[in-house]
Every structure is written in C-alpha cells, then in structure tokens.
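Chain by chain, the residues:
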Amino acid sequence: QVQLVESGGGLVQAGGSLRLSCAASGSIFPMNAMALAWFRQAPGKQRDLVATITRGGSTNYADSVKGRFAVSRDNAKSTVYLQMNNLKPEDTAVYYCAADIAVVVTSNPVFWGQGTQVTVSS
C-alpha cells in the first residue's frame, strides 16, 4: 500500500505561482520504484492528466500546461512536486497525485492522494 498526501494548494491571482507537493509513505517499495503523475479535476468536468514523471525522471505534460508547469521528484524525501507558474483561471481544479509501482505511470494509477484545491482568480 502507498499513502500519498498532497499539500501546497490555495488561492492565487492569475499570473501567480504555486508549488504542490506530494509525499509518499507506507510502501515496502522505495520512492525510486514508483512512477508518478499529477491529475486535476475541475467542477463538473472529467479528471485530466496534467503531468507525469517516470521512475527514471523523464517528464511529460498536457498541452495546456506545457511551458508553465514542471514536475520533479526527490526520491530521498519521497516527494514529488508540481511547480505551477503563470497560473490561469482555467487551472482552477482539485489536483491529485497518483502513483504506480512501475517504470511509467498507467492511465489509471493504483494509488491516489486525497487532492488539494487550487483556485486561480482573474
């Protein structure tokens, strides 16, 4: 079992920045065995993939956030981050951290955090 706990959400004005953190614990597998992802879900909309980071540290992003968001990981701290810059009102959503014990995260990860709210005001 893997417990994921997100933090860092909040209210920010358009053009501002936030950094989300997701701490992993409880697993018999070390952090460096995991592939991770950030998803988001806005009210009334489906949950969308935002960014992924493989076990080896390769990253991938949704087109809507490319150039503005950056995902990174610190295996020693068992934490994955999402740096969000130049935020837009359409980035408002609940952001979820997810993980698989795999090289690459799947389309439906096994482990999920509880989510953290990000609200961007115009």
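Residues numbered from 1 in each chain as written. Predicted model: local features only at pLDDT ≥ 70, side-chain atom pairs only at ≥ 80, totals over all residues. Heavy atoms only, no water.

Engineer: What am I meant to see in the pairing of strand β11 (residues 116–121) here?
Structural biologist: Note on strand geometry: in a regular strand, side chains alternate between the two faces of the sheet. Every second residue of β11 is oriented toward a common face, the buried set being Thr116, Val118 and Val120 and the non-buried set Gln117, Thr119 and Ser121. Pairing geometry for strand β9 (residues 93–100) and β11, over 3 bridges, is antiparallel. In the sheet register, tyrosine 95 faces β11, and the bridge partner there is threonine 116. (Buried < 20%, exposed > 50% of the residue type's maximum accessible area, 1.4 Å probe, protein only. Helix = DSSP H or I, 4+ residues; strand = E, 2+ residues; numbered from the N terminus. Pairing = 2+ DSSP bridges.)

Engineer: Is there a simple way to explain the environment of arginine 73 in this structure?
Structural biologist: Locating arginine 73 in the fold gives a position in strand β7 (residues 69–74). Distance in space between the C-alpha atoms of arginine 73 and serine 7 is 15 Å, their sequence separation being 66 residues. If sequence neighbours within four positions are ignored, arginine 73 has contacts with Met31, Asn32, Met34, Ala35, Leu36, Ile53, Thr54, Arg55, Thr79 and Val80. A polar contact of 2.7 Å, which involves the side chain of arginine 73, links it to the backbone oxygen of methionine 31. A polar contact is formed between the side chain of arginine 73 and the backbone oxygen of methionine 34, at a distance of 2.9 Å. (Contact = heavy atoms within 4.5 Å. Polar contact = N/O pair within 3.5 Å; in protein donor to acceptor, adjacent residues only side chain to side chain.)

Engineer: I'm lost on the state of the cysteines in this one. Help?
Structural biologist: Put plainly, two cysteines are in a disulfide when a covalent bond ties their sulfur atoms together. One pass over the structure, following the stated rule, counts 1 disulfide. Linked covalently through their sulfurs, cysteine 22 and cysteine 97 form a disulfide whose S-S length is 2.1 Å. When the S-S torsion is -80°, as for the bridge of cysteine 22 with cysteine 97, the disulfide is left-handed. Residue cysteine 22 is found in strand β3 (residues 18–25), and its partner cysteine 97 is found in strand β9; the two are separated by 75 residues along the sequence. Note on accessibility: cysteine 22 and cysteine 97 belong to one class, buried. (Disulfide = S-S within 2.5 Å.)

Engineer: I tried to follow the pattern of salt bridges on my own but got confused; where do I start?
Structural biologist: Side chains bearing opposite charge may pair, as long as their charged atoms lie close to each other. Under the defined criterion, the tally for this structure stands at 3 salt bridges. Between arginine 40 and aspartate 91 there is a salt bridge, with the nearest N and O atoms lying 2.9 Å from each other. Linking arginine 40 in strand β4 (residues 35–41) with aspartate 91 in the loop between β8 (79–84) and β9, this pair joins segments that are 51 residues apart in sequence. Exposure class is identical for arginine 40 and aspartate 91. Each is buried. A salt bridge links arginine 68 to aspartate 91; the shortest N-O distance between them is 2.7 Å. (Salt bridge = Lys/Arg side-chain N within 4 Å of Asp/Glu carboxyl O.)

Engineer: Could you clarify how one ought to interpret the packing of aromatic side chains in this entry?
Structural biologist: Where two aromatic rings form a pair, the distance of their centres and the angle of their planes describe that pair. Scanning the model with the defined rule gives 2 aromatic pairs in all. Ring plane angle 80° and centroid distance 6.5 Å describe the contact between tyrosine 96 and tryptophan 112, whose orientation is recorded as edge-to-face. Placement of the pair is tyrosine 96 in strand β9 and tryptophan 112 in strand β10 (residues 111–112), with a sequence separation of 16 residues. Looking at tyrosine 96, the relative accessible area reads 17%, which means it is buried. Taking the relative accessible area as the measure of exposure, tryptophan 112 reaches 24% and is therefore partly exposed. Through a chain of ring-to-ring contacts, the aromatic side chains of Phe39, Tyr96 and Trp112 assemble into a single cluster. Here the guanidinium or amino end of arginine 47 rests over the ring plane of tyrosine 96, the centre of that ring lying 6.0 Å away. Above the plane of the ring of tryptophan 112 lies arginine 47, whose end atom (NZ or CZ) is 3.9 Å from the centre. (Phe/Tyr/Trp six-rings, centres within 6.5 Å; stacked < 30°, edge-to-face > 60°. Lys NZ or Arg CZ within 6 Å of the ring centre and 35° of its normal.)

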